Structures are given as C-alpha cells and as structure tokens.
Amino acid sequence: LVPDVVTALQAFAGAHRARFTYPVIAITGSNGKTTVKEWLVTLLGDDFAVVKSPQSYNSQIGVPLSLLQMGPQHNLAIIEAGISKKGEMAKLEKMIRPDYGILTHFGDAHAEGFADAAEKLTEKLQLFRHTRALIADATDDFVFAQLQAFVATSPQALETLGYSPAHSHRLTQVHATATSISAELVRADQVNALEIPVPGDAALANAALAALVAAFLQVDFAKIRLRLPLLRPVSMRMEMITDNPEVTIINDAYNADLASFKNALSLLATERYHAARTLVLTDIDHQ
C-alpha cells in the first residue's frame, strides 16, 4: 500500500532505470516526438539493440511504463516525454536521467497549461538539464534564441537544425513532390543528400533530426542514406492513404493544434491528383 500510486510507480521506474549504464536518449517537443523516435529506430538498423517507448507512452504514467521495458539485452534506450502543464517535466527528468536529448518541433500543442510560449519551452527544456548533448529542431527563431540561452546556463553540446547559416546543420536545396521530399543537409563543408518517401516540410525536419542523431551515434551516413527509403508515416500522424485510386486521404487525427493543421494544409497543396477537396476539422480547444 502506498499513499500515491503514480509517485510510487515513478520511483520504482527510476530505480529500475538506474540499473543500466547504456545511453538513454530523451525526446520532447510539441509535435513529431513519436515520428522521430520510430524513424530513429529505423535509421539505427542493426547497429543498436534499442528499447523504446511503446506507441506514444510519454505521460506521467507512460514514461515509467516505458522505462520498465529496459533490460540487459539492450544497449540504447529512446524515451518520449510529454507534458501539459508546469511542474511535470522535473518528475520525468528525475526518472529518465537522459544522457542525450532531442527537441522536436515546438508549437502550440498543450499551450493552455502554460502562461506563454516561453514558459512552455522553458519547462520542456528542463528535461535536458543534465544531458551531455542536445540535438534540436530550431527552424523557429524563437526556439533558436531560447536554446542559446539554455545552454549558457546548462553547458552541453548543442546541435541545431534549421535553414539559415546560423545553425550547425542547415537544410538547403529543398524539393517537394506529392509523395516525397528531398534536401541537402549541410554542416560546415560536409553535404549529405536526404530523400524522404514521405511528403511535407514536417516530414523533412523529422527525418533530418533522426538522421542527425543517428550520425551523432556514429552510424555512417552512407548507411543512413540507404535506410531513409524505409521511413514510413506513423499511423494517424500526417499519413497519406491512397488505397483507393479515386480518393486520397491525409489523416492527421492524432494531432489537434494549429501547427499540425498548417502542415496538413501545406501537404494538401502538393496533392495534384484530385480536383475536389474536402476538409474534416474538429474543434481545436486551445485556439
């Protein structure tokens, strides 16, 4: 018998995680956590024995359940962490104790639990207070500035993905079709081609982020490039369903925020096969 079941579960999971010394990667962000996690596992291929969060188990209960999957047969863990209000991330960080961090796209999902965007991002970054390195989608200027301030107080290696020369990894030569997107990923004088069999700017950023992390883990980029064609949309997250040649469905039912809606409209704009278009949109509560 315990006075608080969730607190006890978290303490138990934290003790279990402490049994293992192999690297733990923590992923947070507003959108793309599960996609980046699944795509990173694909890119790591046979190079690691990975244990990962099941599905989207990233809550105060989902994280401990994910950590309890860790075992001696693994040599890398990838754990999602999601929050909806202030004060939650400190509990997740205490359990996960990540060695490395990934920040996916930061947007307005769960904004109602925070005073403003700065407070929400500050809370998310608490996950990375003790990491050795942070690899982040910093395509948004606000996020980029906040990351610079964060590493000034929590010193660690920072790798940022964006479109300008200010970022350590820059996306250039972007070319989109209805079924794919390609770009060049530039770091200093190194240029690597990316071609993703999933359309949309969000897919490109997620795939590039996963590729950067795989490369950071010493996977050769030649291997990464060979595995990129294996990437597939995660169910109900910006998936394009084309089973019926007369109908194409863009299904993003798992997300309900303005950034995801904009990404869906951007993807719809690349669809050229059907003249008529229909939008099915639920309420977006915090907009």
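Observations concerning the pattern of salt bridges
Next up, step 1: All chains considered together, the criterion is met by ten salt bridges.
Next up, step 2: Note that Arg17 is salt-bridged to Asp99, the shortest N-O span being 3.6 Å. Of this pair, Arg17 sits in helix 1 (residues 5-17) while Asp99 is found in the loop between helix 4 (88-96) and strand 4 (100-103), placing the two residues 82 residues apart along the sequence.
Next up, step 3: Close ionic contact of Asp47 with Arg227 constitutes a salt bridge, the shortest N to O distance being 2.8 Å. Pair noted here: Asp47 is in the loop between helix 2 (33-44) and strand 2 (50-52) and Arg227 is in helix 8 (residues 221-227), with a separation of 180 residues, a long-range link.
Next up, step 4: The partly exposed category is assigned to Asp47, whose relative accessible area is 29%.

Points about the nonpolar core
Next up, step 1: If you look at the biggest cluster of nonpolar residues, it comprises 37 residues, and the most contacted ones within it are Leu40, Leu194 and Ile196.
Next up, step 2: It is helix 7 (residues 201-216) that provides the largest number of residues to this core, a total of ten residues.
Next up, step 3: Each residue touching Leu194, except ones within four places of it in the same chain, is listed here: Leu171, Ile181, Ser182, Ala183, Leu185, Ala208, Ala211, Phe221 and Leu228.
Next up, step 4: By size, the runner-up hydrophobic cluster in this structure holds 33 residues, among which are Ala26, Val63, Leu121 and Phe128.

Notes on helix 1
Next up, step 1: For helix 1, with 13 residues, the first-to-last C-alpha span of 18 Å sits near the 18 Å given by 1.5 Å per residue.
Next up, step 2: Along helix 1, the residues classified as buried are Gln10, Ala13, Gly14, His16 and Arg17. On an axial view of helix 1, the arc spanned by its buried residues comes to 160°, and they lie on one face. Among the exposed residues of helix 1, those oriented more than 90 degrees off its buried face are Val5, Ala11 and Phe12.
Next up, step 3: Along its buried surface, helix 1 packs onto strand 1 (24-28), helix 3 (62-67) and helix 4.
Next up, step 4: The N-cap of helix 1, judged by a side-chain oxygen 3.1 Å from the amide nitrogen of Val6 a few residues on, is Asp4.

Description of the packing of helix 5 (residues 117-125) against helix 6 (residues 141-153)
Next up, step 1: Helix 6 packs onto helix 5 with a crossing angle of 50° between their chain directions and a minimal axis gap of 11 Å. Classified by the interaxial angle, the pair formed by helix 5 and helix 6 is oblique. Helix-helix and strand crossings are classified by hand; for helix 5 and helix 6 the assignment is right-handed. The residues of helix 6 that touch helix 5, namely those facing Ala117, Ala118, Leu121, Thr122 and Leu125, are Phe142, Val143, Gln146, Leu147 and Phe150.
Next up, step 2: Each residue belonging to the contact of helix 5 with helix 6 can be placed in one class, and the counts come to eight nonpolar, two polar and no charged.

Considerations on the pairing of strand 7 (residues 169-176)
Next up, step 1: Bridge count between strand 6 (residues 157-162) and strand 7: two bridges; the pairing is parallel. Bridge assignment links Gly162 to a residue of strand 7, and that residue is Arg170.
Next up, step 2: As paired elements, strand 7 and strand 8 (residues 181-187) share five bridges and run antiparallel to each other. Paired with Thr172 across the two strands is Glu184, which belongs to strand 8.
Next up, step 3: In this structure, the hairpin formed by strand 7 and strand 8 is closed by a connection of four residues.

Notes on the pairing of strand 3 (residues 76-80)
Next up, step 1: Within strand 3, five of the five residues are buried, leaving the element largely enclosed by the surrounding structure.
Next up, step 2: By the alternation rule, side chains of strand 3 split into Leu76, Ile78 and Glu80 and Ala77 and Ile79, which are all buried.
Next up, step 3: Two strands pair when backbone bridges link them, and strand 2 and strand 3 are joined in this way by three bridges, in the parallel orientation. When the bridges of strand 3 are listed, Lys52 appears paired with Ile78.
Next up, step 4: For the crossover that starts at strand 2, traverses helix 3 and ends in the parallel strand 3, the hand is right-handed.

Quick look at helix 2
Count 3.6 residues to each turn of an α-helix, and residues three or four apart come out pointing the same way.
Next up, step 1: With twelve residues, helix 2 should cover 16 Å at 1.5 Å per step; its first-to-last C-alpha distance of 16 Å lies within 8% of that length.
Next up, step 2: Among the twelve residues in helix 2, ten count as buried, and that is most of the element.
Next up, step 3: Of the positions making up helix 2, those classed as buried are Lys33, Thr34, Thr35, Val36, Lys37, Glu38, Trp39, Leu40, Leu43 and Leu44.
Next up, step 4: Those residues of helix 2 that are buried are in contact with strand 1, strand 2, strand 3, strand 4, helix 7 and helix 8.

Definitions and cut-offs
Residues numbered from 1 in each chain as written. Predicted model: local features only at pLDDT ≥ 70, side-chain atom pairs only at ≥ 80, totals over all residues. Heavy atoms only, no water. Salt bridge = Lys/Arg side-chain N within 4 Å of Asp/Glu carboxyl O. Helix = DSSP H or I, 4+ residues; strand = E, 2+ residues; numbered from the N terminus. Buried < 20%, exposed > 50% of the residue type's maximum accessible area, 1.4 Å probe, protein only. Core = buried A, V, L, I, M, F, W, Y, C linked by side-chain atoms within 4.5 Å. Contact = heavy atoms within 4.5 Å. Expected span 1.5 Å × (residues − 1). Arc of directions from axis to C-beta. Polar contact = N/O pair within 3.5 Å; in protein donor to acceptor, adjacent residues only side chain to side chain. Axes fitted to C-alpha atoms, helices over the stretch in contact; angles between N-to-C directions. Parallel < 35°, antiparallel > 145°, perpendicular 65-115°, else oblique. Left-handed = near helix turned anticlockwise from the far one by under 90°. Nonpolar A, V, L, I, M, F, W, Y, C, P; charged D, E, K, R; others polar. Pairing = 2+ DSSP bridges. Right-handed = clockwise from strand over helix to strand, strands pointing away.

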